[in-house]
Amino acid sequence: MNILAIETTGAFASVAFAKSETPGMLAQIISKVNGCDRFSHLQNLTPQIKQVLEDTGEDLTVKDLDYIAVSVGPGSFTGIRIGVSTARALAQSLGIPCVGVPTLEALAMRIQPGEATAAVKGIQTSWDVTEDTLICPILDARRSQVYGGGYFIKDRFPVEEIKAGPYTLEEFLEAVKGYDKVCFLGDGVDKYGSEIFVGCKGRTGFAREEIRYQDSGQIARLGCRMYEEGKAVSFDQLQPEYMRMAEAERKLREKQGK
């Protein structure tokens, strides 16, 4: 199976091409392209898709794809729309299915047991992540909120422990209070690292910067597993997962309510 994976929910677009030869085996990442320009998904995504196929060295085109895995959110509303719309358009034109991959679950996969935690904002933490470590991806949702979830990593894949959703930072820190070791990753760490460390009373670790953010490689691997579980959909069934209404819509509803 040839898989195209698209990740546009964060600041930098990322596209990967992966192969899955044997059901149940981890998809192999053949090539990957990460964007260098912040929030330039609209201009760069199509060229990245072309490049990632060229980089395989197999003379492939989009016509050789079996399905498309795309990160559906939460994250940047504009980024989600661009990624999902691109996946829909490609899938429709090629007559292939899509897999909508939950962003937080895929992000949690970036830090695996055996990885060491890292310093953030001058806070020094150094211990190894284990299967008993609660992995918490958190994304900055603005207005003192985060999109977050809690997962244990079992056999490389996430098992949900704390339901993914929008939280105030205080609500999320309360949710992780009973866990002995917690490792955070995502851009919420950049904004709230100090508050998280204090709120968790030293039980906290942070992912290294190079594995802290969304990446198409994990979209490919989690998407492959979901495909094998029968979770692929047609292009018209692929839906974004914003987790809350857009700011403009919220203000409009508030205005209408008044």
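Just above sits the structure.
Note that the structure is a prediction, hence the values are computed from the model and not measured.

**Q** Can you walk me through the overall build of the protein chain in this structure?
**A** In terms of helices and strands, the protein chain carries 7 helices and 10 strands. Taken over 258 residues, the protein chain has a buried fraction of 50%. Within the protein chain, residue pairs in contact and separated by at least 24 positions form 67% of the contacts whose partners lie at least 6 positions apart. About 12,200 Å² of surface is accessible on the protein chain, with carbon and sulfur atoms providing 49% of the total.

**Q** Looking at this model, I keep getting lost on helix α1 (residues 41-54). Mind explaining?
**A** It helps to recall that an α-helix has 3.6 residues per turn; residues three or four apart then point in one direction. The end-to-end C-alpha separation of α1 is 19 Å, in line with the 20 Å expected for 14 residues at 1.5 Å each. Packing partners of the buried residues in α1 comprise β1 (2-7), β2 (14-19), β3 (28-34) and α2 (77-94).

**Q** Teacher, can you tell me more about the packing of aromatic side chains here?
**A** The relative placement of two aromatic rings is captured by the distance of their centres and the angle of their planes. With the rule as written, the count across this model stands at 5 aromatic pairs. Where Y67 meets Y227, the ring centres are 3.9 Å apart and the plane angle is 0°; that geometry is what we call stacked. One end of the pair, Y67, is in strand β4 (residues 67-71); the other, Y227, is in helix α6 (residues 216-228), and 160 residues separate them in sequence. A relative accessible area of 1% places Y67 in the buried class. Ring geometry for F172 versus F184: centroids 6.3 Å apart, planes at 70°, classification edge-to-face. One end of the pair, F172, is in helix α4 (residues 169-175); the other, F184, is in strand β9 (residues 182-185), and 12 residues separate them in sequence. The same class applies to F172 and to F184, which are both buried.

**Q** Hey, could you run me through the sheet that holds strand β7 (residues 145-154) in this one?
**A** Two strands in a sheet stick together by hydrogen bonds in their backbones, pointing the same way (parallel) or opposite ways (antiparallel). With respect to topology, 5 strands assemble into an open sheet ordered β8-β7-β6-β9-β10, the strand pairing being mixed. Edge positions in the open sheet fall to β8 (157-168) and β10 (204-206), since each of these has one partner strand only. Between one strand axis and the next, the sheet turns through 25° on average, direction left out of account. As paired strands, β7 and β8 are joined by 9 bridges and run antiparallel to one another. Pairing of Y151 across the sheet is with E160, part of β8.

Reading guide: rules and limits
- Numbers given to residues run from 1 along each chain, matching the order in which its sequence is written.
- For a predicted model such as this one, the threshold for reporting local features is a pLDDT of at least 70, and the threshold for listing and counting side-chain atom pairs is 80 or more; totals across whole chains, interfaces and linings nevertheless cover every residue.
- As a rule here, side-chain values come from all non-hydrogen atoms in the structure, and water together with hydrogens is ignored.
- Secondary structure elements are taken from DSSP: a helix is a run of H or I of four residues or more, a strand is a run of E of two residues or more, and numbering for both begins at the N terminus.
- Burial classes follow relative accessibility: with a 1.4 Å probe on protein chains only, a residue under 20% of its type's maximum area counts as buried, one over 50% as exposed, and anything between as partly exposed.
- Throughout, a contact is declared for two residues whenever any of their heavy atoms are within 4.5 Å.
- We get accessible surface area from the Shrake-Rupley algorithm with a probe of 1.4 Å; when it comes to residues, only the shown protein chains can shield them.
- Expected helix span is given by 1.5 Å per residue-to-residue step, counting one fewer step than there are residues.
- Centres within 6.5 Å make a pair out of two Phe, Tyr or Trp rings, where for Trp the six-membered ring is used; the pair is then stacked when the planes are under 30 degrees apart, edge-to-face when over 60, and tilted otherwise.
- For two strands to be treated as a pair, DSSP must find at least two bridges joining them.
- In this analysis an axis means a line fitted to C-alpha atoms, helices contributing only their contacting stretch, and an angle means the value between N-to-C directions, from 0 to 180 degrees.

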